[in-house]
Each structure stands twice: as structure tokens, then as C-alpha cells.
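Listed below are the residues making up each chain.
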Amino acid sequence: MIKFFDKFGNELDGCDLIEFSWNRKFFESGNYTLYLPAKNYVEDIKYVQVDGRPETGIVQKKVYEEKPEGNFVTLSGFFVEKLLDGSSTIASSIIFESAEDRVKERMKHILYETFPQLSDKLKNSMSSTSGLKQAFSTDRAVLYETTISDESHVPKSAGVFFSHGEPIGAKFYEVLKSENMSYYCNPSFFKDEEKPLLGIEVNTIQGRNLKDKIIFSKKLGNIRKVEYVRDESNAKPHLVGVQVLPEDIHYPDEKTILTPDFKSERIITEEHIEDRILPRDFGKSYSKKVIQTNITDIREDNETSVRSQMRRALKLEMLNNYMEETISVDVIQYRFLYLQDYDLGDEVTIHVDELKVQYNSRIIEVREVYKNNQLEIEIILGTPRKSEYRKVLI
């Protein structure tokens, strides 16, 4: 079930473990922890995989402990998706496209510019590299190669700004999140230790809508415990976008402001408001957040387009300013089986029978723990949407 590999991708013999946790996440890289007797530890272990799961764990931390009951080793690390956070843009960049093929091409452009490529795999998959410049030398590469699989689908439109210094992996999750998509990475292994030994291929995934099929409820006997958290302390239902105009461009509703260095700038503003995240029991109270948009194509004759792009950017920014609502559930493997009937990223239904409420929500994290020859599963669900409560019939 659990497989081990060395730094060159060669599979190693298995070993007996005491406990093993595999934490899968939909909108960020997951991680794992492995606990075993020191006598079972194999020095060559560098990567870990679990049958039926697409992720690959990296051994990034080793801890040796001597205890009265024996000596033990703990191995832990992130999944390989985290390696995409190993680079970032030097100059600010943007993905602002309204066609799926263009969104995917721009994602490839950003990989090409920020990750030095030691093969032509990514270059050959792009329609053109004209005008693209790699920001870093190939003798300081993070990975041997990076690419996006031909089978991967991406959102049909995207508007995400990459500030200099922001990690690429996290921004890719942001691009895909707008359509409830995510990604995992397939590893490829190389032999020359004077270069990176690992390459990765990004594979996107789309969660399924199973809310009418997969229902978790104590009355159904398929959950042990439910925990619900609502935190509206960081919610901002009113976003204001500010766009600085070039010196030679003038729009009718522009405003003039003073910058911190006492210079004047001309700006236009747009707003986005979502009443559904207003704080409870507070009346209509609109907490505001002002952001600067970064529209690049600004001309005298395209104000309507500029404002439309600003509003789209605000809608995407709103994803980072919702109230935080999560539901965590200890699942019993009964009626519905994990991986067979539902998986990470799927939208399901949760009954909180004591409160007579029902929520539809996406599985954004699965925590798997193997110990005492048993598998325990906890699922974490993202922002739930309350729906009409339906009594469970057994």
C-alpha cells in the first residue's frame, strides 16, 4: 500500500511502520508524517507514495529519538507540488485571458520564465516562446523540467496578478480555484547529480458535484463527529479597486490623489459588494478593503474594457476575503467508501442532525491516519452553503 523510492526514483523494499499520516489538500500542497522503529529505517528513502492517491511525498525532515521503549525515526515533508513554490517572478506578471487555451499557455509562459528548463519538453508544448525570457540561469535550476500535461483542463477565463516574490505554486492554485479546480504533480527522475534529479508535470483535476448522492449524517451511521467553525473576523464584503492611469490617458470620472511621496496620480475606481458575507447580527455593516488593480492595456478608447477587467479582478480578490467557514467530520467507512464513492475536491452534503441543518460543501482536505492496522479518515470541508434540511430516512 505504501511505496518507498530513492532519489533516482527506484522503488525500495517496504518496511513496517508504527503510524503514518497522509494529509491531502485541494487548494494547497499536502504533507505526510511517517513514524517507525529505528531498526526499520532505510537511509535511501527519499520519496513516498500511497496506492490510489496521486500525490508523492518528499522526505524533507528526519528526527531520531531514543525513548525507554526503544529508538524511533520520524520522516515528514510536503508533497512534490510544494516544489513549485521554489521560484517566483522577479518582474510582476499577470494571467488575464478569456479562453482556456490562452490561460493554459500563459501558465506555461510563467513556468518557462521562472523555472530554468534543462529539457525542451515545456518549450515544445508551447505555441511560441517569442518575447519570453528566463529569469534564472540553468546552472541554478530548481527542477530538471516543469510542464503541464496535455490532458489538463484549466479555467475558461482567469485574472490573477503575480507580484514579484510570490511563489508560483500558490498562485497556480489561485488560478484554478475560481472554477473549483486543483492540481497534483507527477514526478520524473533523472540521474545526473550535477543537476536537479527531479522534474514534475502539472496535472489539473476537477471536483465532482455529488451533493445529491453523498450524504454524511450520524443517523446514516457514516460519521462519528462533526465540528463546525464560522469566523467572520477577516471578512470584507465591500472591495474597492483603484487603477492608476498613465500620464497621457484621461477618463471622464478620474480622480486625483496624493501619493506618499507627495506626487499626484490620477485614478479611477470600481467596487464589488457581496451581501451574503455581511457579519451576522450586525445590521448592514460593510467592512471595506481597498486594493490596487494592475490593468496593463489602458487606452483612451477602452475605458469600458478597463473597468470590466477591474471588476473581474475584484471578484477574484473576494475569494480571499470571505468569512472562514469550515466543517470537519470523522468519517466511518459505511454506505459511502472513500476513494470509491467520493474523493478530495468533491462537493457533498453534511447533515448536522442536532441543529436540523444541512450544508453542501467541497472536500478541501482529507486527513488519513494509519495505526494499529486501521485507517482513520477525517474530511475537512470548505465554506459550506446552507440548504433546505431534509430528514434522513434510514
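About the thresholds
Residues numbered from 1 in each chain as written. Predicted model: local features only at pLDDT ≥ 70, side-chain atom pairs only at ≥ 80, totals over all residues. Heavy atoms only, no water. Helix = DSSP H or I, 4+ residues; strand = E, 2+ residues; numbered from the N terminus. Buried < 20%, exposed > 50% of the residue type's maximum accessible area, 1.4 Å probe, protein only. Contact = heavy atoms within 4.5 Å. Areas by Shrake-Rupley, 256 points an atom, 1.4 Å probe, with all protein chains shown as cover. Lys, Arg positive; Asp, Glu negative; His and termini not counted. Charge placed at Lys NZ, Arg CZ, Asp CG, Glu CD. Polar contact = N/O pair within 3.5 Å; in protein donor to acceptor, adjacent residues only side chain to side chain. Pairing = 2+ DSSP bridges. Axes fitted to C-alpha atoms, helices over the stretch in contact; angles between N-to-C directions. Expected span 1.5 Å × (residues − 1). Phe/Tyr/Trp six-rings, centres within 6.5 Å; stacked < 30°, edge-to-face > 60°.

1. Regarding the overall build of the protein chain
- Summing up its helical and strand segments, the protein chain has four helices and 24 strands in all.
- Looking at the protein chain as a whole, 46% of its 394 residues are labelled buried.
- Long-range contacts, defined as pairs at least 24 residues apart, comprise 67% of the intrachain contacts of the protein chain with a sequence gap of at least 6.
- Just so you have it, the protein chain exposes about 20,500 Å², and 46% of that area is on carbon and sulfur atoms.
- With 55 positive and 66 negative side-chain charges, the protein chain shows a separation of 4 Å between the mean positions of the two kinds.

2. Points about the side chain of T293
- Mapped onto the elements of the fold, T293 is located in the loop between strand 19 (288–292) and helix 4 (303–318).
- A polar side-chain atom of T293 sits 2.8 Å from a polar atom in the side chain of Q243.
- Excluding residues within four positions of it along the chain, T293 makes contact with G241, V242, Q243, M310 and A313.

3. Focus on the sheet that holds strand 10 (residues 146–148)
- Strand order in the open sheet formed by three strands is 10-13-12, and the pairing between neighbours is mixed. Since the sheet does not close on itself, it has two edges, and those belong to strand 10 and strand 12 (181–189), each with one partner. When the angles between neighbouring strand axes are averaged without regard to direction, this sheet yields 25°.
- Note that strand 10 and strand 13 (residues 198–206) share three bridges and pair parallel. The partner of I148 across the bridge, within strand 13, is V202.
- Contacts from helix 3 (residues 168–177) reach strand 12 and strand 13 within the one sheet, and its direction differs from that of strand 12 by about 140°.

4. Considering helix 4
- For helix 4, with 16 residues, the first-to-last C-alpha span of 23 Å sits near the 22 Å given by 1.5 Å per residue.
- Turning to helix 4, its buried residues number three or more, namely E303, V306, R307, Q309, M310, L314, L316, E317 and M318.
- Buried residues along helix 4 sit in contact with strand 9 (93–97), strand 11 (158–162), strand 16 (238–244), strand 18 (264–273) and strand 19.

5. Observations regarding the pairing of strand 23 (residues 374–381)
- Where strand 20 (residues 324–331) and strand 23 come together, five bridges link them in antiparallel fashion. Considered in strand 23, the bridge of D330 is made with E378.
- Sheet analysis places strand 22 (residues 357–371) next to strand 23, joined by eight bridges and oriented antiparallel. Its bridge partner lying in strand 23, I363 is registered against L381.
- Two successive antiparallel strands, strand 22 and strand 23, enclose a turn made up of two residues, where N372 displays a positive phi of approximately 55°.

6. Here's the deal with the packing of aromatic side chains
- Summed over all chains, the structure comprises 13 aromatic pairs.
- Their ring planes at 40° and their centres at 4.6 Å tell us that W22 and F79 sit as a pair that is tilted. Here W22 is found in strand 3 (residues 19–25), whereas its partner F79 is found in the loop between strand 8 (70–78) and strand 9, with 57 residues between them in sequence.
- The exposure class assigned to F79 is buried, which follows from its relative accessible area of 1%.
- Measuring from centroid to centroid gives 5.2 Å for F216 and Y342, while their planes differ by 85°, and the two rings are edge-to-face.

7. Some words on the side chain of S93
- Structurally, the position occupied by S93 is in strand 9.
- S93 gets classed as buried once you look at its relative accessible area, which sits at 11%.
- Other than its neighbours up to four places away in sequence, S93 contacts R106, I110, V160, F161 and F162.

8. Describing the environment of R224
- Residue placement: R224 occurs in strand 15 (residues 223–231).
- For R224, a relative accessible area of 53% gives the class exposed.
- Discounting residues that sit within four places of it in the chain, R224 has contacts with K218, D330, V331 and I332.

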